[in-house]
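Spelled out, the chains give:
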Amino acid sequence: MSVVAEAKHVVKRYGTITALDGVTLELKRGKIVGLLGPNGSGKSTLIKVLMGFIPPDSGYVSVLGVDPYEHPDIRAKIGYVPEEVKLYESLTPKELFDLAARIRRTDTDKYYRMLETLSNALDLRSKLHNLIGSLSKGYRQKVAIALALLHDPEILLLDEPIIGLDPIVARVFKEILMELKRRGKAILFSTHILELAEVICDRIAIIHRGKIILEGTRDEIVEQARERGALEEVFLEVTGKRGEVEELVKAIREEII
Ligand SMILES: Nc1ncnc2c1ncn2[C@@H]1O[C@H](COP(=O)(O)OP(=O)(O)OP(=O)(O)O)[C@@H](O)[C@H]1O
Ligand SMILES: [Mg+2]
């Protein structure tokens, strides 16, 4: 019920690397899912498969009732923030937004309303007519976020969206996500910031070596893990990283400090 996007038993290989090894995940209207996992665990690959950029080797993906790889036009209903933001350096944010609105055929009134709201919320007004190539990393990230939201998409797929944002904008972005959730959007975002995931997500999925090893509400996740406590502890335990982290901390203490 109210499932708007899903991956079922998805396997994705790059040569001999199995990036996704049987991933099943559902996104529902009005719910935020946080995708957590160590570097290289398959988060970005899963988001790219959901966007239809790459097809799964087996299993299937459905977004708003269609296979996004076969129906790339469905992306007009998705807001996507890529892991590595690449924007046309020689356009201004306003030119880029206008172009995107024309390509996506966004209703003009809606587009101008969203542009006004997002430029204010993300503090982008003063940069709208500067070349993107001249903007700092944080401002480029804000442009990428605005670009993902301007067409008022049904589904948001955000790959580490708050990277590079200052604490004020990160806070505003959190509020934007909560508001979009209230408006019934289905949201998936990957992050390494566990505290953020704990606060805003309805469900959390922990992915490790291409497999979702824990999935549920924050409380269910903490419950399922052997050792209860903070999400950080659960994350270290289930990804088998606790020992590794302890070794590292020891080495840092002995060799660096
Ligand atoms: N285009 C590619 N070609 C070959 N291997 C790839 C490609 N993209 C990803 N991989 C590999 O697939 C695995 C999963 O990568 P992915 O980028 O999905 O991880 P991630 O969880 O997003 O990591 P990070 O936290 O570092 O962003 C890794 O082993 C990675 O090296
Ligand atoms: Mg990634």
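Predicted model, so just to flag it, every value in this text is computed and none were measured.

Peer 1: Could you clarify how one ought to interpret the overall build of the protein in this entry?
Peer 2: Each helix and strand in the protein was counted, giving nine helices and nine strands. Taken against the 2.2 N^0.38 rule, which gives 18 Å for 257 residues, the C-alpha radius of gyration of the protein at 19 Å falls within 12% of a compact globule. In terms of overall dimensions, the protein has a C-alpha envelope of 55 × 45 × 35 Å along the principal axes. Within the span of the protein, comprising 257 residues, buried residues form 37% of the whole. Long-range contacts, defined as pairs at least 24 residues apart, comprise 67% of the intrachain contacts of the protein with a sequence gap of at least 6.

Peer 1: Help me out: how do you make sense of the site of ligand 1 in this one?
Peer 2: As a matter of local geometry, ligand 1 sits amid Tyr14, Ile17, Ala19, Gly37, Asn39, Gly40, Ser41, Gly42, Lys43, Ser44, Thr45 and Glu83. Going through the elements one at a time, strand E2 (17-28) and helix H1 (43-51) are the ones with two or more residues in the shell around ligand 1. In terms of residues, the shell around ligand 1 owes the most to one element, H1, which gives three residues.

Peer 1: Would you take a moment to explain the sheet that holds strand E1 (residues 3-14) for this structure?
Peer 2: Two pairing modes exist for strands in a sheet, parallel and antiparallel, and in both the strands are linked by backbone hydrogen bonds. If you trace the three strands from one edge of the open sheet to the other, you get E2-E1-E4, paired in antiparallel fashion. Edge positions in the sheet fall to E2 and strand E4 (58-63), since each of these pairs with one other strand and no more. Each adjacent strand pair in this sheet contributes to an overall mean axis angle of 15°, direction not counted. Set on the sheet, H1 makes contact with E1, E2 and E4; between it and E1 the angle comes to about 120°.

Peer 1: I'm lost on the packing of helix H2 (residues 93-104) against helix H4 (residues 137-149) in this one. Help?
Peer 2: A packed helix pair is summarised by two numbers, namely the angle formed by the two axes and the spacing between the axes. In the contact formed by H2 and H4, the axes pass within 10 Å of each other and the chain directions differ by 20°. Here H4 runs roughly parallel to H2, going by the angle between their axes. In the packing of H2 onto H4, the handedness of the crossing is right-handed. When H2 is examined against H4, the residues Pro93, Leu96, Phe97 and Ala100 are found in contact with a partner set consisting of Val143, Ala146 and Leu147. For the contact of H2 with H4, the residue count by class is seven nonpolar, no polar and no charged.

Peer 1: Got a minute to help me understand the nonpolar core in this structure?
Peer 2: Generally speaking, nonpolar side chains in soluble globular proteins are found buried as a group. Of all hydrophobic cores here, the largest spans 66 residues; its most connected members are Leu50, Ala146, Leu150, Ile155 and Leu157. The biggest single contributor to this core is H4, with eight residues. Among residues more than four places away in sequence, those in contact with Leu157 are Ile47, Leu50, Met51, Ile78, Tyr80 and Leu188.

Peer 1: What is the right way to read the environment of Ser119 from this model?
Peer 2: Along the chain, Ser119 falls in helix H3 (residues 108-121). Separated by 23 residues in sequence, Ser119 and Lys142 have C-alpha atoms that sit 9.1 Å apart. Ignoring anything within four residues of it in the chain, the contact list for Ser119 reads Leu124, Arg125 and Leu128.

Peer 1: Where do I start with helix H8 (residues 231-238) in this structure?
Peer 2: Since one α-helical turn is 3.6 residues long, residues separated by three or four positions face the same way. Every buried residue of H8 is accounted for by Val234, Phe235 and Leu236. Just downstream of H8, Gly240 is the residue with a positive phi angle, here 65°.

Peer 1: Whenever I open this one, the environment of His129 confuses me. Can you help?
Peer 2: Here His129 lies in the loop between H3 and H4. Each C-alpha atom, one on His129 and one on Thr117, is 17 Å from the other, the two residues being 12 residues apart in sequence. Among residues more than four places away in sequence, those in contact with His129 are Thr92 and Lys94.

Peer 1: Would you mind going over the sheet that holds strand E6 (residues 155-159) with me for this structure?
Peer 2: Spatially, E5-E6-E7-E3-E8-E9 is the arrangement adopted by the six strands of the open sheet, whose pairing is mixed. If you trace the sheet from one side to the other, it starts and ends with strand E5 (78-81) and strand E9 (211-216), each paired once. Along the sheet, successive strands turn relative to each other by an average axial angle of 15°, direction set aside. Relative to strand E7 (residues 186-190), E6 is paired through five bridges, and the arrangement is parallel. For Leu158, the partnering residue across the bridge sits in E7 and is Phe189. Across the sheet, H1 touches strand E3 (32-36), E5, E6, E7 and strand E8 (203-208), and the angle it forms with E6 is around 150°. Most of the contacts of H4 go to E5, to which it runs at about 170°, and overall it touches E5 and E6.

Rules used throughout
Residues numbered from 1 in each chain as written. Chains lettered and ligands numbered in written order. Predicted model: local features only at pLDDT ≥ 70, side-chain atom pairs only at ≥ 80, totals over all residues. Helix = DSSP H or I, 4+ residues; strand = E, 2+ residues; numbered from the N terminus. Rg over C-alpha atoms; globule rule 2.2 N^0.38 Å. Buried ≥ 20, exposed ≤ 12 C-beta atoms within 10 Å, placed from the backbone. Contact = placed C-beta atoms within 7 Å. Near = placed C-beta within 6 Å. Pairing = 2+ DSSP bridges. Axes fitted to C-alpha atoms, helices over the stretch in contact; angles between N-to-C directions. Parallel < 35°, antiparallel > 145°, perpendicular 65-115°, else oblique. Left-handed = near helix turned anticlockwise from the far one by under 90°. Nonpolar A, V, L, I, M, F, W, Y, C, P; charged D, E, K, R; others polar. Core = buried A, V, L, I, M, F, W, Y, C linked by C-beta atoms within 7 Å.

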